[in-house]
Amino acid sequence: MSTAKKQYKRVTVKSLTEMKGNNEKISMLTAYDYTMAKIIDSAGIDVILVGDSASNVMAGHETTLPITLDQMIYHASSVVRGTERALVVVDLPFGSYQSDPKEALRSAIRIMKESGGHSVKLEGGSEVKESIKRILHAGIPVMGHLGLTPQSIYKFGTYTVRAKETEEADKLVEDALALERLGCFALVLEKVPAALAKKVAEQLTIPVIGIGAGAGVDGQVLVSHDMFGMTHEFNPRFLRRYLNLYEDMGNAVANYVKDVKAVDFPNNEEQY
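Conventions adopted
- Residues numbered from 1 in each chain as written.
- Predicted model: local features only at pLDDT ≥ 70, side-chain atom pairs only at ≥ 80, totals over all residues.
- Heavy atoms only, no water.
- Helix = DSSP H or I, 4+ residues; strand = E, 2+ residues; numbered from the N terminus.
- Rg over C-alpha atoms; globule rule 2.2 N^0.38 Å.
- Buried < 20%, exposed > 50% of the residue type's maximum accessible area, 1.4 Å probe, protein only.
- Contact = heavy atoms within 4.5 Å.
- Areas by Shrake-Rupley, 256 points an atom, 1.4 Å probe, with all protein chains shown as cover.
- Lys, Arg positive; Asp, Glu negative; His and termini not counted.
- Charge placed at Lys NZ, Arg CZ, Asp CG, Glu CD.
- Axes fitted to C-alpha atoms, helices over the stretch in contact; angles between N-to-C directions.
- Parallel < 35°, antiparallel > 145°, perpendicular 65-115°, else oblique.
- Left-handed = near helix turned anticlockwise from the far one by under 90°.
- Nonpolar A, V, L, I, M, F, W, Y, C, P; charged D, E, K, R; others polar.
- Pairing = 2+ DSSP bridges.
- Phe/Tyr/Trp six-rings, centres within 6.5 Å; stacked < 30°, edge-to-face > 60°.
- Core = buried A, V, L, I, M, F, W, Y, C linked by side-chain atoms within 4.5 Å.

**Here we look at the overall build of the protein chain**
Stage number 1. Helix and strand content of the protein chain: eleven helices and eight strands.
Stage number 2. Against the 2.2 N^0.38 benchmark of 19 Å for 272 residues, the protein chain shows a C-alpha radius of gyration of 20 Å, consistent with a compact globule.
Stage number 3. With the C-alpha coordinates aligned to their principal axes, the bounding extent of the protein chain is approximately 65 × 50 × 40 Å.
Stage number 4. Here the protein chain, with 272 residues, has 47% of them falling under the buried criterion.
Stage number 5. Sequence separation of 24 or more characterises 58% of the internal contacts of the protein chain that already satisfy a separation of 6 or more.
Stage number 6. Summing over all exposed atoms, the protein chain offers an accessible surface of approximately 14300 Å²; the carbon and sulfur share of this is 54%.
Stage number 7. Averaging the coordinates of the 31 positive side-chain charges in the protein chain and doing the same for the 34 negative ones gives two points 6 Å apart.

Below is the structure:
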């Protein structure tokens with residue numbers, strides 16, 4: 001007998017725990033501006049991530065490292081204004097939390113106060129536990145992020161799948177359990193073997209959201225620009241493109257240019 005899913009007027013960190021308990025998968029996408037957030041939110045997404053991936057898809061940087069705290073707050077503020085239902089999670093950018101727990105807390109407070117976001121996300125395990133504790137003690141919800149952590153790309157040297165070897169896999173499990181003990185409300189696992197991700201999701205009571213981590217976790221996240229097909233150079237195995245907006249938008253622009261050149265736009269009905 002199927003059980004009706006609970007309807008949420010506003011998704012909270014508590015809602016995500018309930019979803020995991022009810023075996024309801026969690027849907028999560030990125031957004032960086034008001035218009036995109038409004039579209040995604042109205043379609044019923046559970047979580048909107050204001051990701052530091054804005055550094056790539058919005059600003060054209062090669063990595064996520066260059067984006068600043070001020071820029072993240074700008075993007076998050078725009079997203080919050082376009083959101084009525086989804087939980088808004090905001091990435092703490094590189095350099096805003098790694099070296100100093102006090103700086104981590106100041107960064108998180110700025111995001112919460114100045115953007116209106118509902119929670120923050122940061123990358124790393126035991127090495128950032130003091131920063132996580134500081135933020136949590138201030139009453140700010142924290143989402144963890146393990147596996148491929150893009151802010152550490154120069155340490156890894158590649159975007160390949162993480163934790164394929166036993167030693168790194170064991171550490172990932174230990175870090176995941178540690179993040180739960182610290183009080184993180186959820187965890188993102190990026191680009192790790194599906195069997196390992198499933199194992200982590202089964203051991204944790206908090207939701208585990210995957211990207212390139214298989215179907216055995218509690219939810220999925222994609223970068224919206226990739227999912228909509230607005231980007232076309234990035235083609236990892238885990239990406240499913242639901243649209244091809246790169247081509248469709250390009251064709252629309254080409255048609256607009258043609259109509260303007262031919263004095264077909266505006267026509268008599270399109271002017272005053």
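**Observations regarding the packing of helix α5 (residues 101-115) against helix α6 (residues 129-137)**
Stage number 1. At a closest axis distance of 8 Å, the pairing of α5 and α6 adopts a crossing angle of 45°. As judged from the angle between their axes, α5 and α6 are oblique. For the pair α5 and α6, the sense of crossing is right-handed. Residue-level contacts link P101, K102, A104, L105 and A108 of α5 to E130, S131, R134 and I135 of α6.
Stage number 2. Considering only residue class, the contact of α5 with α6 consists of five nonpolar, one polar and three charged.

**Examining the pairing of strand β3 (residues 87-91)**
Stage number 1. Across the five residues of β3, five count as buried, placing the element largely inside the fold.
Stage number 2. Judged by which residues are buried, β3 turns out to be covered on both faces: L87, V89 and D91 on one side and V88 and V90 on the other are all buried.
Stage number 3. Across four bridges, strand β2 (residues 47-50) lies against β3 in parallel orientation. Along β3, the bridge assignment pairs L49 with V89.
Stage number 4. Pairing of β3 with strand β4 (residues 119-121) involves three bridges; the strand directions are parallel. The partner of V90 across the bridge, within β4, is V120.

**With respect to the packing of aromatic side chains**
Stage number 1. One pass over the structure, following the stated rule, counts two aromatic pairs.
Stage number 2. On the numbers, 6.4 Å between centres and 70° between planes, the contact of F234 with F238 is edge-to-face.
Stage number 3. Residue classification places F234 among the partly exposed residues on the basis of a relative accessible area of 41%.

**Quick look at the packing of helix α8 (residues 166-182) against helix α9 (residues 194-203)**
Stage number 1. Contact pair α8 / α9: the axes reach a minimum separation of 10 Å and the direction vectors enclose 25°. It follows from the interaxial angle that α8 and α9 lie roughly parallel. Once α8 is placed against α9, the crossing between them reads as right-handed. Side by side, α8 and α9 meet where A169, L172, V173, A176, L177 and E180 of the first sit next to L196, K199, V200 and Q203 of the second.
Stage number 2. In terms of residue class, the contact of α8 with α9 is built from seven nonpolar, one polar and two charged.

**Re the nonpolar core**
Stage number 1. One finds I135, L187, L189 and V200 to be the most contacted residues of the largest nonpolar core, which totals 74 residues.
Stage number 2. Residues in contact with V200, not counting those within four places in the same chain, are L172, V173, A176, L187, L189 and V208.

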